[in-house]
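Here's the letter readout for the chains.
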Amino acid sequence: RSSQQGADSRDGSPSSVAAETPSSEDFSLSLLDTNLPAEAETELRSFIAKRLTKGALFEGMGNVASVDLSIPEYKVGCYYCLFQQENLLETPTLESDISAPEYVVCFLGGSEKEDTFRLELDKYIQSLKLSLDVEQKNLETCVNPYLRSWFENSICPIQRVVQLFQEKLAFLLHAALSYTPVEVKNADERTEKDINRFLAAASLQGLVQEGTMTSLCIAMSEEQHKSMIIDCSGPQPQLHNAGSNRFCEDWMHAFVNGAEGGNPFLFRQILENFKLKAIQDINNLKRFIRQAEMNHYALFKCYIFLKNCGSGDILLKIVKVEHAEMPEARNVVTVLEEFMRE
């Protein structure tokens, strides 16, 4: 088989390496493109060769590891991903000694924090598969510029959204948590993509039950007056039909205060902590509701919790959908809604 590897240095430019492989134990990696110094590229090639020999790479699934390189003279975080050319995946050759070309792309950063963006980088590689042709004729015009922009396109969107929205970020966080439909108008392509990616990253998708998420999306979509509109025609985005609460405002300050350092990995960590706290609050409320089915004091605890958590409006919507088929719990939620309205 043949394998290829691409590597990226800390400034976000690319490199690649390819190999002729007679067997899994006996192969060499040949360089396709790199912006690493020769010595560091050789060390990286050795690292990837060892991983290939051990069978530690799976097609389309990225890994993040710490790598010792001479330049720079400390350990760097390396994201690496093995893939095959897209146009050959479904047409295996009849000749057993020839198989589809394989590539390994590597992106290098200052630490192993790239692991927090592993899914984004996996998607980035999937798009690369579609643009790489068999003869690599588009290497200079298409593939190399695409590889060079990995950091800008995969790591920085959350940071750009924070810098664009500033205090208005609270409305975006509220929309993401409540599954409110969002329309972006008069924005350039990159800004619209950034906003949509931020909303997806800030939502609880995959963390709450799939049925609950679907029901919430349907419920919020049916309330057309609740759709939030973001108009990016001016220097600052203008928001219409936007909602917020104390919980989202508190977390907005954490993002804005973090913006001074300009570290995209910090923003991602804040976002993960934001979602973790929201999930903790949902689970606490569910526990209180179970207790309140038999205990009036627990019902009062539910009410106090909703008042103090700062996100009672969203939590009530989520548990209302989840408990729709449970009569006792539904009654508790109905009483809580009445108290919250009053």
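Residues numbered from 1 in each chain as written. Predicted model: local features only at pLDDT ≥ 70, side-chain atom pairs only at ≥ 80, totals over all residues. Heavy atoms only, no water.

Looking at an unreviewed UniProt entry, one finds the protein chain named NJMU protein, with Anseranas semipalmata as its source organism.

**Notes on the packing of helix H5 (residues 157–165) against helix H7 (residues 189–202)**
Running from N to C, H5 and H7 cross one another at 100°; their axes reach a closest spacing of 9 Å. Here H5 lies roughly perpendicular to H7, going by the angle between them. Here Pro 157, Ile 158, Arg 160, Val 161, Leu 164 and Phe 165 of H5 come into contact with H7, specifically with Arg 190, Thr 191, Asp 194, Ile 195, Arg 197 and Phe 198. Grouping the constituent residues of the contact of H5 with H7 by class yields seven nonpolar, one polar and four charged. (Axes fitted to C-alpha atoms, helices over the stretch in contact; angles between N-to-C directions. Helix = DSSP H or I, 4+ residues; strand = E, 2+ residues; numbered from the N terminus. Parallel < 35°, antiparallel > 145°, perpendicular 65-115°, else oblique. Contact = heavy atoms within 4.5 Å. Nonpolar A, V, L, I, M, F, W, Y, C, P; charged D, E, K, R; others polar.)

**Describing the packing of aromatic side chains**
The tally for this structure, following the rule as stated, stands at 16 aromatic pairs. On the basis of an interplanar angle of 90° and a centroid distance of 5.6 Å, the ring pair of Phe 47 and Tyr 80 is categorised as edge-to-face. Taken together, the residues Phe 47 in helix H1 (residues 38–53) and Tyr 80 in strand E5 (residues 75–84) connect sequence positions 33 residues apart. Of the two residues examined, Phe 47 and Tyr 80, each falls in the buried class. For the ring pair Tyr 79 and Phe 107, a centre distance of 6.0 Å and an interplane angle of 10° mean the geometry is stacked. Taken together, the residues span a long stretch of sequence, with Tyr 79 in strand E5 and Phe 107 in strand E6 (residues 102–109) at a distance of 28 residues. Side by side, Tyr 79 and Phe 107 carry an identical accessibility label, which is buried. An aromatic cluster is present here, built from Tyr 79, Phe 107, Phe 117, Tyr 124, Tyr 146, Trp 150, Phe 151 and Phe 265 joined pairwise through their rings. (Phe/Tyr/Trp six-rings, centres within 6.5 Å; stacked < 30°, edge-to-face > 60°. Buried < 20%, exposed > 50% of the residue type's maximum accessible area, 1.4 Å probe, protein only.)

**Looking at helix H11 (residues 296–309)**
Helix length check: H11 (14 residues) gives 20 Å between terminal C-alpha atoms against 20 Å at 1.5 Å per residue, within 8%. Those residues of H11 that are buried lie in contact with helix H9 (246–258), helix H10 (264–292), helix H12 (312–322) and helix H13 (327–341). At the N-terminal boundary of H11, the capping side chain belongs to Asn 295, with an oxygen 2.7 Å from the backbone nitrogen of Tyr 297. Backbone geometry just after H11 places Gly 310 at a positive phi near 85°. (Expected span 1.5 Å × (residues − 1). Polar contact = N/O pair within 3.5 Å; in protein donor to acceptor, adjacent residues only side chain to side chain.)

**Digging into a nonpolar patch on the surface**
Together, Tyr 297, Phe 300 and Ile 304 make up a nonpolar patch on the protein surface, roughly 330 Å² of accessible area in all. Checked against the element boundaries, Ile 304 lands in helix H11. (Patch = residues over 30% accessible without salt bridge, like charges linked within 9 Å, V, L, I, M, F, W, Y side chains within 5 Å. Areas by Shrake-Rupley, 256 points an atom, 1.4 Å probe, with all protein chains shown as cover. Salt bridge = Lys/Arg side-chain N within 4 Å of Asp/Glu carboxyl O.)

**With respect to the pattern of salt bridges**
Under the definition given, this model contains 11 salt bridges. Between Glu 272 and Arg 268 there is a salt bridge whose closest N-O contact spans 3.0 Å. Highlighted residues: Glu 272 and Arg 268, both in helix H10, separated by four residues, approximately one helical turn. A salt bridge links Lys 277 to Asp 281, with the shortest nitrogen-to-oxygen separation between them at 2.7 Å. With Lys 277 and Asp 281 both in helix H10 and four residues apart, the pair spans about one turn of that helix. Note on Lys 277: relative accessible area 33%, which makes it partly exposed. Residues joined in a network through salt bridges with shared partners are Glu 120, Arg 268, Glu 272 and Lys 275.

**Examining the layout of surface pockets**
The calculated volume of the largest pocket comes to roughly 820 Å³. Taken together, 29 residues make up the lining of the largest pocket; nearest its centre are Leu 119, Glu 120, Lys 123, Ser 154 and Arg 197. For the lining of the largest pocket, the elements supplying multiple residues, two or more each, are helix H2 (118–131), helix H4 (150–155), H5, H7 and H10. No other element matches H7, which puts seven residues into the lining of the largest pocket. Residues belonging to the lining of the largest pocket are distributed by class as follows: 10 nonpolar, six polar and 13 charged. (1 Å grid on protein atoms, 1.4 Å probe; cavity = no way out; pocket = protein on both sides within 12 Å on 5 of 7 lines; lining within 4 Å. Points joined across faces, edges and corners; volume = space filled by probe spheres on them.)

**A short note on the environment of Gly 62**
Locating Gly 62 in the fold gives a position in the loop between H1 and strand E4 (63–68). The buried category is assigned to Gly 62, whose relative accessible area is 6%. Each C-alpha atom, one on Gly 62 and one on Arg 118, is 6.7 Å from the other, the two residues being 56 residues apart in sequence. Not counting residues within four places of it along the chain, the set of residues in contact with Gly 62 comprises Tyr 79, Tyr 80, Cys 81, Arg 118 and Asp 122.

**Points about the sheet that holds strand E8 (residues 228–231)**
Through backbone hydrogen bonds, the strands of a sheet pair up, either in parallel or in antiparallel fashion. Spatial ordering of the open sheet is given by E7-E8-E9, a layout of three strands whose pairing is mixed. If you trace the sheet from one side to the other, it starts and ends with strand E7 (182–185) and strand E9 (238–240), each paired once. Across the sheet, the mean angle separating the axes of adjacent strands is 20° when strand polarity is ignored. Of the strands in this sheet, E7, E8 and E9 touch helix H6 (residues 169–178), which is tilted by about 140° from E8. (Pairing = 2+ DSSP bridges.)

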